[in-house]
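Take a look at the letters that make up each chain.
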Amino acid sequence: MANVWSDEEVRVLVGWTAEDYGASMVLRLETVTNMPQNANDVLVSRMVLNKDQAVQLGNVLFELSGRLPPKTAKPPLLDRMLARKSD
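Values in this document were obtained by computation on a predicted structure and should not be read as measured data.

What counts, and at which threshold
- Residues numbered from 1 in each chain as written.
- Predicted model: local features only at pLDDT ≥ 70, side-chain atom pairs only at ≥ 80, totals over all residues.
- Heavy atoms only, no water.
- 1 Å grid on protein atoms, 1.4 Å probe; cavity = no way out; pocket = protein on both sides within 12 Å on 5 of 7 lines; lining within 4 Å.
- Points joined across faces, edges and corners; volume = space filled by probe spheres on them.
- Helix = DSSP H or I, 4+ residues; strand = E, 2+ residues; numbered from the N terminus.
- Nonpolar A, V, L, I, M, F, W, Y, C, P; charged D, E, K, R; others polar.
- Buried < 20%, exposed > 50% of the residue type's maximum accessible area, 1.4 Å probe, protein only.
- Lys, Arg positive; Asp, Glu negative; His and termini not counted.
- Salt bridge = Lys/Arg side-chain N within 4 Å of Asp/Glu carboxyl O.
- Pairing = 2+ DSSP bridges.
- Axes fitted to C-alpha atoms, helices over the stretch in contact; angles between N-to-C directions.
- Contact = heavy atoms within 4.5 Å.
- Polar contact = N/O pair within 3.5 Å; in protein donor to acceptor, adjacent residues only side chain to side chain.

*Asks:* Would you mind going over the layout of surface pockets with me for this structure?
*Replies:* Where empty space is left in the structure can be found by rolling a water-sized probe over the atoms. Each pocket or cavity is described by its volume, and for the largest pocket that value is around 250 Å³. Around the largest pocket, the lining residues are Leu13, Trp16, Ala18, Met25, Leu27, Leu29, Leu49, Ala54, Leu57, Gly58 and Leu61. For the lining of the largest pocket, the secondary structure elements donating two or more residues are strand E1 (12-21), strand E2 (24-32) and helix H1 (51-65). It is H1 that contributes the most residues to the lining of the largest pocket, four residues altogether. Of the residues contributing to the lining of the largest pocket, the split by class is ten nonpolar, one polar and no charged.

*Asks:* How should I be thinking about the side chain of aspartate 41 in this particular structure?
*Replies:* Considering the arrangement of structural elements, one finds aspartate 41 in the loop between E2 and strand E3 (43-50). In this structure, aspartate 41 is buried with no salt-bridge partner, the nearest side chain bearing the opposite charge being arginine 11 at 8.2 Å.

*Asks:* How do you make sense of the pairing of E2 when you look at a structure like this?
*Replies:* Every other side chain in a regular strand lies on the same face of the sheet, so the side chains alternate between the two faces. Across nine bridges, E1 lies against E2 in antiparallel orientation. Among the inter-strand pairings, valine 12 is bridged to a residue of E2, identified as valine 32. Bridging between E2 and E3 involves eight bridges; their strand directions are antiparallel. Considered in E3, the bridge of arginine 28 is made with arginine 46.

*Asks:* I tried to follow the sheet that holds E3 on my own but got confused; where do I start?
*Replies:* Strands belonging to one sheet form pairs held by backbone hydrogen bonds; the direction of such a pair is parallel or antiparallel. On the basis of which strands lie adjacent, the open sheet formed by three strands has the order E1-E2-E3 and antiparallel pairing. Two strands lie at the open edges of the sheet, namely E1 and E3, each paired on one side alone. Sheet twist, expressed as the mean angle between neighbouring strand axes with direction ignored, is 20 degrees. With respect to the sheet, H1 is in contact with E1, E2 and E3, its orientation differing from that of E3 by roughly 115 degrees.

*Asks:* Would you mind going over the environment of lysine 51 with me for this structure?
*Replies:* Along the polypeptide, lysine 51 turns up in helix H1. C-alpha of lysine 51 to C-alpha of methionine 25: the two residues are 26 residues apart in sequence and 7.3 Å apart in space. Leave out the neighbours within four places in its chain, and lysine 51 touches Asp20, Gly22, Ala23, Ser24 and Met25. A polar atom in the side chain of lysine 51 sits 2.9 Å from the side chain of aspartate 20.

*Asks:* How should I be thinking about the environment of arginine 11 in this particular structure?
*Replies:* As for its position among the elements, arginine 11 is in the segment before E1. Each C-alpha atom, one on arginine 11 and one on threonine 31, is 5.8 Å from the other, the two residues being 20 residues apart in sequence. A distance of 3.1 Å separates a polar atom in the side chain of arginine 11 from a polar atom in the side chain of glutamate 9. Reaching out from arginine 11, the side chain makes a polar contact with the side chain of threonine 31 at a distance of 2.7 Å.

Take a look at the structure:
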């Protein structure tokens, strides 16, 4: 039964959720040490992060994975052209 987090054990991340609370967010991590037999084998940890910490964590994970963050979608061409004319 997993009730306590120990610095000595290595856990495997099996799920997560994040909830936005404006200036901060709550990151909920679900971890296990081996194949869970029941819900009590999954340790749930909640961490509060501010937006800067979330961005830093995301950037570190992208860097370590060797991948790039997703590109933001460009507005449609017509919208970009009309935006230039109004400047």
